[in-house]
Amino acid sequence: MSAQQPNVLLIVTDQQQARTVEDDCPAYTPNLSRLADEGVRYDRAYTPCPVCSPARASLYSGLYPHKHGTLTVVHSRPAIQLTHGSGMRYFTQPLREAGYNQALVGRWHITADEDPTVAGYDEVFHTSEVKEIRKQAGLPEDFFDASCLKNPVYLKRPGWNDWLMSAELTDPKEMTVDGAVGEQAVKTLNNLTRQDQPWHLAVGFFGPHDPYSAPSEYTERYDPRSISEPPNRQDPLDDRPALYRRHRRELWDRIDWPDQAKAISRYWASCAMVDDYVGRLMRILDETGQADNTLVIFTSDHPDMMASHGMFLKGIYPYEAGWRIPLIMRWPGRFPAGRKESDAYVSLLDIAPTILTAAGLPVWDDADGAPLQDLIDQPTPEERQSFYGEFHGGEYYYAQRVLWARDHKLVFNSFDEDELYDLKNDPHERRNLAGDPAHRSVLNDMQERYWTCHEASHDFLNLSYPSIALFPFGPDQTTWKKK
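Residues numbered from 1 in each chain as written. Predicted model: local features only at pLDDT ≥ 70, side-chain atom pairs only at ≥ 80, totals over all residues. Heavy atoms only, no water.

A. View of the packing of helix α6 (residues 177-192) against helix α9 (residues 257-287). α9 packs onto α6 with a crossing angle of 10° between their chain directions and a minimal axis gap of 10 Å. Accordingly, the angle class assigned to the pair α6 and α9 is roughly parallel. Each of Asp 178, Gly 179, Gly 182, Glu 183, Ala 185, Val 186, Leu 189 and Asn 190 in α6 lies in contact with α9, whose residues at this interface are Ser 270, Met 273, Val 274, Tyr 277, Arg 280, Leu 281, Ile 284 and Leu 285. Grouping the amino acids of the contact of α6 with α9 by side-chain chemistry returns 9 nonpolar, 4 polar and 3 charged. (Axes fitted to C-alpha atoms, helices over the stretch in contact; angles between N-to-C directions. Helix = DSSP H or I, 4+ residues; strand = E, 2+ residues; numbered from the N terminus. Parallel < 35°, antiparallel > 145°, perpendicular 65-115°, else oblique. Contact = heavy atoms within 4.5 Å. Nonpolar A, V, L, I, M, F, W, Y, C, P; charged D, E, K, R; others polar.)

If you want it as structure tokens, here you go:
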């Protein structure tokens, strides 16, 4: 194996906040801390879309959702579509052509009608296979069967089925979905490291996705009574879109703080369980002497609000808690060691270009992301001082776009008033400045930047018919102003 063909270990969790890997977070993830100490942690890493399938397709393709065509979660009904468009491609395909052995263990969740083997994986262990493992062990196939739960918390609403929010799991660790995925990942990595070819292993954990849960050995580490409320949990949202207030009223205000705190503690417990498996995978690399020639990437498809602004889950909420993801990369000798925390805006769009570049393969010309190797020991370039994200409204189809530029954030809401936040002076986003005359110049600047990013990404949300062209001014005015 040549030094130009590193192994690639890609670990992707589901719905994990960037906050959980920060030094002062009580989630306590020592193995991820070690990974960051030996590599780079990107503190301004974002998902290009705050729901699963579009984000994962962007990770594999380096394309925005409006290009690859997966716009919402593929298993929901009515989904806009069940699979990607004709422009979709996977970084794993050129890796396979270059001679990589490839395996995927766990969550895929990109399309409803294609198996990961289409993307070039030789070996696949689906999360659905855990059901058969449980069945053979005499356990219910359902990971969250009521008989396997301790002290569950439910969201109860008239006329709706009770929704499981969080619980302790009484099953043996290896029989939980992430336990089974983690054990299989360990076996698969042991096998891959014995082979002569370069390898790529993708590990897709279910956690810390709702229902927030973990075995008791992890939940017992956290006392919900010691958890402090997020500083913006009581945010009245008076100057925000009415839809957010409706979410609070119809959903999360029905669950009192003690039960919300339980949910947070179990979310952290799920992160801790994943961290243990990260540690086991890293030890295999150490023991086999392959750590120095393996690019390790840890990230998540999107975060969870975790009581920020009084909300949980993901989707329409445009706040940092719902968009900023963990992203850690380690490749000894290539990425700088010593916990260099980057202030550049990066995203899942950069994963595929980074992997292809590491393998000595060309990056697609139309990629929306770029190799993160370009940022090593360099000042943050202008193009990395902003980021453009998109949300297509899930099953309700309300379009939303989010722009970060230096320390400000603009939210274009097609369904309500827009939002503007000063992330430096108001990090908890408690004041919408979009209607403040004192910030009109900042708003105008962000709106012009919006069209610059919109045009650069070839976003299709450029609708000129008057009843749907709601942005304050169109792209032609931006062009006119620059002349």
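There is more to say after this.
B. Local environment of the pattern of salt bridges. Within the structure shown, the criterion is met by 35 salt bridges. We note a salt bridge from Asp 366 to Arg 89, for which the minimum N-O separation is 2.9 Å. Of this pair, Asp 366 sits in the loop between α11 (351-358) and β14 (386-391) while Arg 89 is found in the loop between α3 (65-68) and α4 (92-97), placing the two residues 277 residues apart along the sequence. Looking at Arg 89, the relative accessible area reads 12%, which means it is buried. One salt-bridge network, in which partners are shared between bridges, spans Asp 14, Arg 56, Arg 107 and Asp 301. (Salt bridge = Lys/Arg side-chain N within 4 Å of Asp/Glu carboxyl O. Buried < 20%, exposed > 50% of the residue type's maximum accessible area, 1.4 Å probe, protein only.)

C. Expanded view of the environment of Asn 101. With respect to the helices and strands, Asn 101 occurs in strand β4 (residues 101-106). Each C-alpha atom of the pair Asn 101 and Thr 288 lies 17 Å from the other, and the pair is 187 residues apart in sequence. Leave out the neighbours within four places in its chain, and Asn 101 touches Asp 122, Leu 192, Gln 195, Gln 197, Pro 198, Trp 199 and His 200. Separated by 2.4 Å, the side chains of Asn 101 and Gln 195 make a polar contact. At 3.3 Å, the side chain of Asn 101 and the side chain of Gln 197 are in polar contact. (Polar contact = N/O pair within 3.5 Å; in protein donor to acceptor, adjacent residues only side chain to side chain.)

D. Structural detail: the environment of Ser 270. For Ser 270, the position within the fold is in helix α9. Note: C-alpha distance between Ser 270 and Pro 208 (62 residues apart in sequence) is 5.2 Å. In this structure, Ser 270 is in contact with Asp 178, Gly 207, Pro 208, Ser 213 and Ala 214, ignoring residues within four places of it in sequence.

E. Representation of the nonpolar core. If you look at the biggest cluster of nonpolar residues, it comprises 108 residues, and the most contacted ones within it are Leu 9, Leu 201, Trp 252, Phe 298, Phe 312 and Tyr 450. Other than its neighbours up to four places away in sequence, Trp 252 contacts Leu 155, Trp 163, Met 165, His 247, Gln 260, Gly 310, Met 311, Phe 312, Leu 313 and Tyr 317. One finds Ala 57, Met 88, Leu 104 and Ala 359 within the second-largest nonpolar core, a separate group that totals 41 residues. (Core = buried A, V, L, I, M, F, W, Y, C linked by side-chain atoms within 4.5 Å.)

F. Structural view of the packing of aromatic side chains. In this structure the tally under the stated criterion is 30 aromatic pairs. Measuring from ring centre to ring centre gives 5.7 Å for Tyr 319 and Tyr 421, while their planes differ by 65°; the resulting arrangement is edge-to-face. In this pair, Tyr 319 sits in the loop between β10 (294-300) and α10 (320-323) while Tyr 421 sits in strand β17 (residues 419-422), placing the two residues 102 residues apart along the sequence. Ring geometry for Phe 412 against Tyr 450: centres 6.0 Å apart, planes inclined by 65°, an arrangement best described as edge-to-face. Note that Phe 412 is positioned in strand β16 (residues 408-413) and Tyr 450 in helix α12 (residues 440-456), a separation of 38 residues in sequence. Across this residue pair, the class does not change: Phe 412 and Tyr 450 are buried. Feature note: the residues Tyr 64, Tyr 388, Phe 412, Tyr 450, Trp 451, Phe 471 and Phe 473 constitute an aromatic cluster, connected by ring pairs. Sitting above the plane of the Tyr 277 ring, Lys 173 keeps its charged end 4.8 Å from the centroid. (Phe/Tyr/Trp six-rings, centres within 6.5 Å; stacked < 30°, edge-to-face > 60°. Lys NZ or Arg CZ within 6 Å of the ring centre and 35° of its normal.)

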